[in-house]
Amino acid sequence: MRQVLADRYAEFAAARAGHLYRSACLLTAGDTHLAEDLVQETLGRLYISWHRVTRADNPAGYAQTVLTRTFLAHQRRRSSTERATDVLPDRPDTGSASDDLSLRMTLLEALARLPAKDRAVVVLRYWEDRSIEQTADAMNASSAAVRTRCTRALGRLRELLGENLSEYVSP
């Protein structure tokens, strides 16, 4: 029985790791190293409670919730010696579609300027396409708090990016 659970966990982790990583990159505003750490911690927590996760209605949603809460906990305990920077290092083009590189970098920079909880709301609501109630549950907050954060976060993004994002898109 133990081996069966371990095999199911390995299949789940392999299938979800990429999606968790992409979400973590958005939550961390492009900090790929921190994103990898968050995914590892999330997968570790899931492994420990895998017997409970398998009984959940939506194990993928459960994993996203764990990732979000891990991110928010990390933000709360971040050392006072760590300093975030508003400049992202240059990254080489990997040969994939680089037409939207400018847009992606601009969006990541704007996300980085949002407070952690606002960033989490934006990622869960608009990247993960979760409902307000699902977002509230993942963040351990009320629906009203999520609505307020959404309004404020989107307003802040509009301030940072301007009303029209089409100027960032390459022709």
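Bear in mind that the values here come from a model prediction, so they are computed numbers and not experimental data.

A. Just the overall build of the protein chain, in detail. Assigned secondary structure in the protein chain consists of 8 helices and 0 strands. Secondary structure elements of the protein chain, listed N to C terminal, follow the sequence α-α-α-α-α-α-α-α. The burial tally for the protein chain puts 38% of its 171 residues in the buried class. Looking at the protein chain alone, contacts between residues at least 24 apart form 64% of all its contacts between residues at least 6 apart. Accessible area for the protein chain stands at about 10,600 Å²; split by element, carbon and sulfur atoms hold 51% of it.

B. How the structure looks around helix α7 (residues 132–139). Along α7, the residues classified as buried are Ile-132, Thr-135, Ala-136, Ala-138 and Met-139. For α7, the angular spread of buried residues about the axis comes to 165°, placing them on one side. Phi turns positive one or two residues past the end of α7, at Asn-140, with a value near 60°.

C. Structural context of the pattern of salt bridges. Overall, the coordinates contain 3 salt bridges when judged by the stated rule. Salt-bridge contacts for Glu-41 lead to Arg-45; the nearest nitrogen and oxygen are separated by 2.6 Å. With a gap of 4 residues between them, Glu-41 and Arg-45 both fall in helix α2 (residues 32–48), about one helical turn apart. A relative accessible area of 27% places Glu-41 in the partly exposed class.

D. View of helix α6 (residues 116–127). Between its terminal C-alpha atoms α6 stretches 15 Å, which fits the 16 Å expected from 12 residues at 1.5 Å a residue. Judged by how many residues are buried, α6 sits mostly within the fold: 9 of 12 residues are covered. The complete set of buried residues in α6 reads Ala-116, Asp-118, Arg-119, Ala-120, Val-121, Val-122, Val-123, Leu-124 and Arg-125. Residues of α6 that are buried make contact with α1 (2–27), α4 (59–77), α5 (101–112), α7 and α8 (143–161). Two residues or fewer past α6, Asp-129 is found with a positive phi of approximately 60°.

E. Focus on the environment of His-74. Mapped onto the elements of the fold, His-74 is located in helix α4. Classification of His-74 as buried rests on a relative accessible area of 16%. Between the alpha carbons of His-74 and Leu-38 there is a distance of 8.6 Å; along the sequence they are 36 residues apart. Not counting residues within four places of it along the chain, the set of residues in contact with His-74 comprises Leu-34 and Leu-38.

F. Summary view of the side chain of Thr-135. Tracing the backbone shows Thr-135 in helix α7. In this structure Thr-135 comes out as buried when scored by relative accessible area, which is 0%. In this structure the side chain of Thr-135 is engaged in a polar contact, spanning 2.8 Å, whose partner is the backbone oxygen of Ser-131. Among all residues touching Thr-135, those that are not within four sequence positions of it are Val-121, Leu-124, Arg-125, Arg-130 and Val-146.

G. Focus on the packing of aromatic side chains. Inspection of the entire model under this criterion finds 3 aromatic pairs. Measuring from centroid to centroid gives 5.0 Å for Tyr-9 and Tyr-47, while their planes differ by 70°, and the two rings are edge-to-face. Of the two residues, Tyr-9 sits in helix α1 while Tyr-47 sits in helix α2, which places them 38 residues apart along the sequence. Accessibility expressed as a relative area gives 12% for Tyr-9, which makes it buried. Look at Phe-12 and Trp-50: their rings are 5.1 Å apart centre to centre, the planes differ by 45°, and that puts the pair in the tilted class. Remark: Trp-50 occurs in helix α3 (residues 50–53) and Phe-12 occurs in helix α1; sequence separation between them is 38 residues. When its relative accessible area of 13% is taken as the criterion, Phe-12 is described as buried.

Rules used in this analysis
- Residues numbered from 1 in each chain as written.
- Predicted model: local features only at pLDDT ≥ 70, side-chain atom pairs only at ≥ 80, totals over all residues.
- Heavy atoms only, no water.
- Helix = DSSP H or I, 4+ residues; strand = E, 2+ residues; numbered from the N terminus.
- Buried < 20%, exposed > 50% of the residue type's maximum accessible area, 1.4 Å probe, protein only.
- Contact = heavy atoms within 4.5 Å.
- Areas by Shrake-Rupley, 256 points an atom, 1.4 Å probe, with all protein chains shown as cover.
- Arc of directions from axis to C-beta.
- Salt bridge = Lys/Arg side-chain N within 4 Å of Asp/Glu carboxyl O.
- Expected span 1.5 Å × (residues − 1).
- Polar contact = N/O pair within 3.5 Å; in protein donor to acceptor, adjacent residues only side chain to side chain.
- Phe/Tyr/Trp six-rings, centres within 6.5 Å; stacked < 30°, edge-to-face > 60°.

Taken by themselves, the reported measurements are silent on function.
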